[in-house]
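Given next are the chains, with one letter for each unit.
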Amino acid sequence: MALENALWRRRVSDHPFFFSAASSLTQHLVVESLMLPVAPQTTSYKPLPTFVEGSTPGILKEQQYLHVSVRNQGSSQLKSPSWTKMCHTEDEEHLAQLETEFLPTLSLSHAHQPESQFACCICSHCFPSGLFREEKVNVGCVPKKVMWNTAVHAEFVHDHADYGFETSGVKFNWRTIKEKRDAYVRRLNDIYESNVKKARIDIIRGYGKFTADPQPTVEVDGKKYTAPHILIATGGRPAVPSDSEVPGASLGMTSDGFFDLEELPRRSVIVGAGYIAVEIAGILSTLGSKSSLLIRHDQVLRTFDSLISSNCTQELENTGVDVWKHTQVKRVSKSSCGLLDVTVTSAVPGHKPTEGVIRDVDCLLWAVGRQPNSEGLCLDRVGVQVDPQGHVVVDEYQNTTRKGIYAVGDVCGKALLTPVAIAAGRKLAHRLFEGKQDSRLDYENIPTVVFSHPPIGTVGLTEEEAVAIHGKDNVKTYNTSFIPLYHAVTQRKVKCVMKLVCTGKEEKVVGLHMQGLGCDEILQGFAVAIKMGATKADLDNTVAIHPTSAEELVTLR
Amino acid sequence: MLGNATGFLHHSGKNEYDLLVIGGGSGGLACAKEAAQFGRKVAVMDYVEPSPQGTTWGLGGTCVNVGCIPKKLMHQAALLGSALKDAQHYGWNISQPVHHTWSVMAQGVQNHVKSLNWGHRVQLQEKKVKYFNIKGSFSDPHTVRGLTKADKETVVTADNIVIATGGRPKYPLQVAGALEYGITSDDLFWLKESPGKTLVVGASYVSLECAGFLTGIGLDTTVMMRSVPLRGFDQQMASLVTEHMESYGTKFLKRCFPTKVEKLKSNRLQVTWKNADLDTEETDSFNTVMWAVGRAPDTKTLNLETVGVKTNSETGKIIVDASEATSVPHIYAVGDITEGRPELTPTAIAAGKLLAQRLFSQSSELMDYDSVPTTVFTPLEYGCVGLSEEAAVQRHGSDNIEVYHAYYKPLEFTVAERDATQCYIKMVCLREREQRILGLHFIGPNAGEVIQGFALGIKCGATYPQMMKTVGIHPTCAEEVTKLRITKRSGLDATVTGC
């Protein structure tokens, strides 16, 4: 018991204080909250004497900030002094964690140690979209997938007749789905907020930035807060070229604006070759907007395996997206009727650059990369280093260059994915408060899905990466391309392509890349096996499930 | 391997072929093609005995003609039917009611099946496998003879013979009118006109799958089952599957068994059945009555006794050892006709290929029938691999297993306002040490696609912590498997979402 007490006292000082941001299309950032026991009569964090300051960092001025802090100082009873739990706020994830894990444990814990109390705080630093109701509706992967599902129905419409359904005069109403989607996301937000409240988490809303105090301190609306552990999880936001680079660039929108569209644009221009560009171009085009995708090189998704970048580029063209290769926007201007004219330069290697104008564009969307939300935080005051792009520099344990300050998620610029941020946050919590010294996220073999048409699933090394690491002679790939059974009776045929990248004599699977119907759901299980070190022989020894697309992966020859 | 040696001994020009395969279904064709790859002289005999209703089909066996392929396509049609309803919630205005025309769907499905029949013929030709469209019967251990359609006797001799004649749906012959008026899955996919109001009798996966897609394309469909659904599968999952079907519109007559089928003047079929619970007799009329009361091998005409191939007297199936050898050294059997093997296409294919490799390519690799994944393509699909909870309890004791589970809501259900009550995942693990996974059960959309990769992981010996170490793919249904944290033992609510 003595030891336990000592441990407990040590942890008492471990009050966490987190910055976090809401999600946006690429990055789905997470509010992670940690809970930990605090000694009686000890406050978890203390608002310091305040001074009012009116300046807000210029670049962030249009954005809403949200700070959340959590605090619990009741007569809470803890099962064990080292008890720590964490919740996160991202759509269903949050519900799952809060409702099924966090809250029951919380109430369970209360039954044990009447004298203890706990405190925890999160600080959420929220960019255009908010996690909670007062903020704008989230713009992350959930609404994105809702729109993708909507578009999938457009594909089904083509197939109904082939499957015997007589449908005629099918019309699409953008408003219906927008209202539904917003209502759904609002509902989720409500639940997060109520769960956060249930978990007795204080929410502090406002801008947050570090001060020059000797102890790491965050100031919000003139009030100062400090904690032994501060997590930066402010995420990122879409980048837009400046008007000096591209005159009129600011007339365009970003992925965030996509979710604000009240009507399906008639004429869309999407700039970028990354997965956000691919997803949005696919959704808009499938739903019936005449869409052009402007890319700098000749293929989209250039960091993906070559099979995926070439196949996806081809599928975009097959589904009617007008892909402008080797093309960049030169200027944007507003025409008299309020629509945009987008002037582009196409410079096919070996040819003279040509200029063209895409007229009457009602949706110009920049998807040319993302920027970390780190500028306004005054990180220099606490010695938290950022890279030239502004990403917070962290080690593999999410430590920044300042002790007691950590960062997870998109603000670190690595693997911009919701579950990655969640997992990293969770691992950090276990390391800080559960004594698991080695708890860290393994950034290898993180499975990723792009909700293109058809969807892409990828995990591990691309063939190109595998060759670079292991040498050409040590890399063997298995490929297949087939028409999924679903399309056996449809006039519309969309193929499925798959590539397995193996290395060494034992043919260890180091990469899996595929695009086709169902690849979004196929990938997860294979990712488990690949992470476990599965070999080609293991795949061969697995009995197929017939008839599926997934079975092609265990019957590759 | 003795059989192998014997086979080579006989190959002294006495027998015409190195390998004769009787039965051109999944297992037989896979074995024949594989053997041909090794440069062997191979023949395949295939003959489709017309169903009692007169339905017949081409080369490829049950899976291609009257099983997996047409079933999955009609399942896809039913899913599209549901998607039509969902579409309205996604902003698609589709004028109601939407009619479904059976003949259009069936034509599409049948055309695809015919293209596969043709594909198999072409492949056999390409691989120089001789094809006989005859019904074979043993006349001695190395000789099989049969009549062609033109009544011409054909005699084929081979060093090695593989029996892969599969099975056919059973008729409940004790039920008056069953044979006369009822159809089976052998007929359903080849119907030119809609079956209309249909009674499906049986609790097998065939029964539930057929009833599911018939309901999905808008037909009034009833399932009659005497006992538990999906016997042999995890029973909690089985109940969820039927529960979902009920909410989906399939009617269920539980604890009932038919006693007679009569044809009414209206051409409708009047079915009389007994309700075992109420001990009452009830009747109703249907356009179609389909039997899905099990499958049985058709071994009688093979004349197995003459050559000494032993069968199980109860099931009629051929008894084989781990190398698929029968009681006669150079005669083998694969697929549904073999005793104690799963009745699944992929296992038959894999077993057939491995057998050919052992016979002709100095391989000793045996088919591993453990951890065979499978999926039931009911409207809400059910995929599983490994042990059911019951089997795990029986084998290891309930104190020694940990069951992680979750009720989750697929994102595609939320906007569509679909009920996700039965979307459920269960992972059965050993409780001790590294918590090795014994079984995984998944009910939800795309279960077949979801479970395949996990089956690989489980085959590699995946443990619970390894599963949890994998980063989820958001937002998918499959990611829920990597997020299972609630144990049954804890008694905590396993619902993933509250809205």
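Conventions used here
- Residues numbered from 1 in each chain as written.
- Chains lettered and ligands numbered in written order.
- Predicted model: local features only at pLDDT ≥ 70, side-chain atom pairs only at ≥ 80, totals over all residues.
- Heavy atoms only, no water.
- Pairing = 2+ DSSP bridges.
- Helix = DSSP H or I, 4+ residues; strand = E, 2+ residues; numbered from the N terminus.
- Axes fitted to C-alpha atoms, helices over the stretch in contact; angles between N-to-C directions.
- Contact = heavy atoms within 4.5 Å.
- Buried area = accessible area lost by both parts, 1.4 Å probe.
- Salt bridge = Lys/Arg side-chain N within 4 Å of Asp/Glu carboxyl O.
- Polar contact = N/O pair within 3.5 Å; in protein donor to acceptor, adjacent residues only side chain to side chain.
- Nonpolar A, V, L, I, M, F, W, Y, C, P; charged D, E, K, R; others polar.
- Buried < 20%, exposed > 50% of the residue type's maximum accessible area, 1.4 Å probe, protein only.
- UniProt positions renumbered as here; feature names shortened; annotations may be inferred.
- Expected span 1.5 Å × (residues − 1).
- Phe/Tyr/Trp six-rings, centres within 6.5 Å; stacked < 30°, edge-to-face > 60°.
- Parallel < 35°, antiparallel > 145°, perpendicular 65-115°, else oblique.
- Left-handed = near helix turned anticlockwise from the far one by under 90°.

Enquirer: Sorry, what's going on with the sheet that holds strand S9 (residues 217-220) of chain A here?
Expert: Hydrogen bonding along the main chain pairs the strands of a sheet, whether they run parallel or antiparallel. Residue and element names in this part refer to chain A. Here we have three strands laid out as an open sheet, ordered S8-S9-S10, and antiparallel in their pairing. Where the open sheet ends on each side, the last strands, each with one partner, are strand S8 (208-210) and strand S10 (223-226). The mean inter-strand angle of the sheet, taken between neighbouring strand axes irrespective of direction, is 30°. Bridging between S8 and S9 involves three bridges; their strand directions are antiparallel. Counted as the bridge partner of Gly208 is Val220 from S9.

Enquirer: Looking at this model, I keep getting lost on the interface of chain B and chain A. Mind explaining?
Expert: If you look at the interface, chain B gives 90 residues, while chain A gives 86 residues. Across the chain B to chain A interface the summed buried area is about 7,400 Å²; carbon plus sulfur atoms make up 67%. On inspection of chain B and its partner chain A, the count reaches two salt bridges. The salt bridge involving A:Lys180 is made with B:Glu417; its shortest N-O contact spans 2.4 Å. Counting across the interface, chain B meets chain A through 22 residue pairs in polar contact (both at pLDDT 80 or more). By residue number, the principal contributor to the side of chain B that touches chain A is helix H4 (residues 68-89) of chain B, which donates 14 residues. The residue makeup of the side of chain B that touches chain A, split by class, is 41 nonpolar, 34 polar and 15 charged. Two elements, strand S6 (residues 165-166) of chain A and strand S4 (residues 99-100) of chain B, share two bridges in a ladder whose sense is antiparallel. Counted as the bridge partner of A:Phe165 is B:His100 from S4(B).

Enquirer: How do you make sense of the pairing of strand S17 (residues 288-291) of chain B when you look at a structure like this?
Expert: Residue and element names in this part refer to chain B. Burial along S17 is two-sided: the residues Thr288 and Met290 and Val289 and Trp291 are all buried. Sheet topology places strand S10 (residues 183-184) next to S17; two bridges connect them, and they run parallel. From the neighbouring strand, Ile183 faces S17, where its bridge partner is Met290. Sheet analysis places strand S11 (residues 198-201) next to S17, joined by four bridges and oriented parallel. Of the residues in S17, the one forming a bridge with Leu199 is Val289.

Enquirer: Looking at this structure, I do not really get the sheet that holds strand S13 (residues 253-254) of chain A. What am I missing?
Expert: Residue and element names in this part refer to chain A. Pairing is parallel in the open sheet, where five strands are placed in the order S13-S20-S14-S15-S16. The open sheet terminates on both sides in strands that have one partner only, identified here as S13 and strand S16 (322-324). Direction of pairing for strand S15 (residues 290-294) relative to S16: parallel, over a ladder of three bridges. Of the residues in S16, the one forming a bridge with Leu294 is Trp324.

Enquirer: I keep staring at the side chain of A:Ser291 and nothing clicks. Help me out?
Expert: Residues and elements named next belong to chain A. Turning to its location among the elements, Ser291 is positioned in strand S15. In this structure the side chain of Ser291 is engaged in a polar contact, spanning 2.9 Å, whose partner is the backbone oxygen of Ser289. The residues touching Ser291, leaving out its near neighbours within four places in the chain, are Arg267, Ser268, Ile270, Ala281, Leu284, Ser285, Gly320, Val321 and Asp322.

Enquirer: Honestly, the pairing of strand S27 (residues 508-515) of chain A in this entry has me stumped. Any pointers?
Expert: Two faces make up the sheet, and in a regular strand the side chains alternate between them. All names here are of chain A. With seven of eight residues buried, S27 lies mostly within the body of the structure. Summarising the sheet, strand S24 (residues 456-460) and S27 pair through five bridges and their orientation is antiparallel. Residue pairing for S27: Ile456 is matched across the bridge by Gln515. Hairpin connection of strand S26 (residues 496-503) to S27: four residues between the antiparallel strands, including Gly504 at a positive phi of 75°.

Enquirer: Which parts of the structure should I look at to understand the environment of A:Gly471?
Expert: Residue and element names in this part refer to chain A. By the element assignment, Gly471 lies in the loop between helix H9 (463-470) and strand S25 (475-482). Take Gly471: its relative accessible area is 26%, and that puts it in the partly exposed class. Note: C-alpha distance between Gly471 and Gly504 (33 residues apart in sequence) is 9.8 Å.

Enquirer: What exactly am I supposed to notice about the UniProt feature "binding site: FAD" (unreviewed entry) in chain B here?
Expert: Per the UniProt entry, the sites bearing "binding site: FAD" (unreviewed entry) are B:Lys72, B:Gly136 and B:Asp336 in this numbering. Of the residues just listed, which span 265 residues, the most distant C-alpha pair is 30.6 Å apart, and they do not cluster in one region. Its location among the elements puts B:Lys72 in helix H4. The exposure class assigned to B:Lys72 is buried, which follows from its relative accessible area of 6%. Residue contacts for B:Lys72: discarding those within four places in its chain leaves A:Leu485, A:Pro547, A:Thr548 and B:Phe377. Assignment of secondary structure puts B:Asp336 in the loop between strand S19 (331-333) and helix H11 (345-360). Residue B:Asp336 is classed as buried on the basis of its relative accessible area of 18%. The contact partners of B:Asp336, leaving out residues within four places of it in the chain, are B:Gly166, B:Gly167, B:Arg295, B:Lys317, B:Pro342, B:Glu343 and B:Leu344.

Enquirer: Would you take a moment to explain the pattern of salt bridges for this structure?
Expert: Oppositely charged side chains can pair when the atoms bearing their charge come close. Tallied over the full model, the rule gives 42 salt bridges over all chains. A:Glu317 is paired through a salt bridge with A:Lys325; the nearest N and O atoms lie 3.4 Å apart. Under the relative-accessibility criterion, A:Lys325 is labelled partly exposed at 29%. Residue B:Lys317 is joined to B:Glu343 by a salt bridge in which the shortest nitrogen-to-oxygen separation is 2.6 Å. Within this pair, whereas B:Lys317 is found in the loop between helix H10 (304-307) and S19, its partner B:Glu343 is found in the loop between S19 and H11, the two being separated by 26 residues in sequence. Looking at B:Glu343, the relative accessible area reads 30%, which means it is partly exposed. Taken together, the shared-partner salt bridges in this structure form one network comprising A:Lys178, A:Arg181, A:Asp182 and A:Glu262.

Enquirer: Can you help me understand helix H8 (residues 205-216) of chain B in this one?
Expert: Owing to its 3.6 residues per turn, the α-helix aligns residues three or four sequence positions apart on the same side. All names here are of chain B. If you check H8, its first and last C-alpha atoms are 16 Å apart, about what 12 residues at 1.5 Å a residue would give, namely 16 Å. Taken together, the buried positions of H8 are Val206, Ser207, Leu208, Glu209, Cys210, Ala211, Gly212, Phe213, Leu214, Thr215 and Gly216. Positive backbone phi, at 100°, marks Gly218, one or two positions downstream of H8.

Enquirer: Explanation requested: the packing of aromatic side chains in the structure shown.
Expert: Centre distance and the angle of the planes are the two values used to describe a pair of aromatic rings. Tallied over the full model, the rule gives 12 aromatic pairs over all chains. Ring centres 4.6 Å apart and planes at 40° place the aromatic pair A:Phe172 and B:Trp92 in the tilted group. Pair noted here: A:Phe172 is in strand S7 (residues 171-172) and B:Trp92 is in strand S3 (residues 92-93), and the two residues belong to different chains. Assessed through its relative accessible area of 7%, B:Trp92 is described here as buried. Here the aromatic residues A:Phe156, A:Tyr163 and A:Tyr486 are joined through ring pairs into a cluster of three or more.

Enquirer: Looking at this structure, I do not really get the environment of A:Arg175. What am I missing?
Expert: All names here are of chain A. Examined against the element boundaries, Arg175 turns out to sit in helix H4 (residues 174-198). Arg175 sits in the partly exposed class, given a relative accessible area of 39%. Considering only alpha carbons, one finds Arg175 and Glu262, 87 residues apart in sequence, at a separation of 6.3 Å. If near-sequence neighbours (up to four positions away) are discounted, Arg175 is found in contact with Glu262 and Glu263.

Enquirer: Even after reading the chapter, I still don't get the packing of helix H3 (residues 141-160) of chain A against H4(A), so can you show me in this structure?
Expert: Relative orientation and spacing of two packed helices are given, respectively, by the angle between their axes and the distance between those axes. Residues and elements named next belong to chain A. In the contact formed by H3 and H4, the axes pass within 10 Å of each other and the chain directions differ by 150°. On the basis of the axis angle, H3 is roughly antiparallel to H4. The handedness of the crossing between H3 and H4 is right-handed. Seen from H3, the contacting residues are Val142, Pro143, Val146, Met147 and Thr150; seen from H4, they are Trp174, Ile177, Arg181, Tyr184, Val185 and Leu188.

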